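# Inside the fold
What follows is the residue order along each chain.
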Amino acid sequence: MAGNRTLTIIKPDAVANGKTGAIIQKITDAGFRIVAMKYTRLTTEQAGKFYAVHRERPFYGDLVKFMTSGTVVPAILEKENAVEEFRKLIGATNPANAAEGTIRKLFAESVERNAIHGSDSDENALIEGNFFFSELERF
Ligand code: CMP
């Protein structure tokens, strides 16, 4: 059965460009309930751990540098079939391939500076939610 929670991060490009409010509006308009949300900034060690699955990829170093370059806004979101529904809302990883009206089509600059993250599975949604939020914050 599909889970009902996912983890998102509004990334440093979108936060710096003043798009946080517009993106949150798109998320809530699409029927997601915000369970937890905060402003934070990742250290190199934390970003490296979050993206550890990409450690061997050629873009890993740049990705960690980008994700530590400014404020991020992680959030836990709730909706039926959350992971799949949210990935539809944000669009393809590369904004050049993202469908019209998706968050990445509207706000992303490039495959790296792509405005927003969404978990790719229920298992990772749980791991990523636990990474950013304490037990008390994700009730
Ligand atoms: P995200 O879905 O948050 O998780 C992995 C990230 O790696 C992805 O978003 C992109 O920001 C980045 N990424 C994926 N593929 C590439 C690529 N080919 N070049 C640069 N960055 C990439």
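Read on for a plain summary of the structure. (Residues numbered from 1 in each chain as written. Predicted model: local features only at pLDDT ≥ 70, side-chain atom pairs only at ≥ 80, totals over all residues. Heavy atoms only, no water.)

## Some words on the site of the ligand
Surrounding the ligand, one finds Lys-11, Tyr-51, His-54, Phe-59, Leu-63, Thr-93, Arg-104, Val-111, Glu-112, Asn-114 and His-117. Contact distances for the ligand include 3.4 Å between an oxygen atom and a side-chain N or O atom of Asn-114. The side chain of His-117 places a nitrogen or oxygen atom 2.8 Å from an oxygen atom of the ligand. In isolation the ligand exposes 460 Å². Once the protein is present, 77% of that is buried. (Near = heavy atom within 4 Å. Polar contact = N/O pair within 3.5 Å; in protein donor to acceptor, adjacent residues only side chain to side chain. Areas by Shrake-Rupley, 256 points an atom, 1.4 Å probe, with all protein chains shown as cover.)

## Some remarks on the pattern of salt bridges
In this structure the tally under the stated criterion is 7 salt bridges. Two residues, Glu-78 and Arg-5, come together in a salt bridge whose shortest N-O distance is 2.8 Å. Pair noted here: Glu-78 is in strand S3 (residues 73–78) and Arg-5 is in strand S1 (residues 5–10), with a separation of 73 residues, a long-range link. By sharing partners, the salt bridges in this structure join Arg-5, Arg-33 and Glu-78 into a single network. (Salt bridge = Lys/Arg side-chain N within 4 Å of Asp/Glu carboxyl O. Helix = DSSP H or I, 4+ residues; strand = E, 2+ residues; numbered from the N terminus.)

## Some thoughts on the sheet that holds strand S2 (residues 33–37)
Backbone-to-backbone hydrogen bonds join strands into a sheet, with any given pair of strands oriented parallel or antiparallel. Read from one edge of the open sheet, 4 strands run S2-S3-S1-S4, paired in antiparallel fashion. The open sheet has two free edges, formed respectively by S2 and strand S4 (116–118), since each of these has just one partner strand. On average, each strand axis in the sheet is inclined to that of its neighbour by 25°, with strand direction left out of account. Judged from the 3 bridges that link them, S1 and S4 form a sheet pairing that is antiparallel. Bridging across to S4, Ile-9 finds its partner in His-117. Docked against the sheet, helix H5 (residues 82–90) engages S1, S3 and S4, running at close to 155° with respect to S4. (Pairing = 2+ DSSP bridges. Axes fitted to C-alpha atoms, helices over the stretch in contact; angles between N-to-C directions. Contact = heavy atoms within 4.5 Å.)

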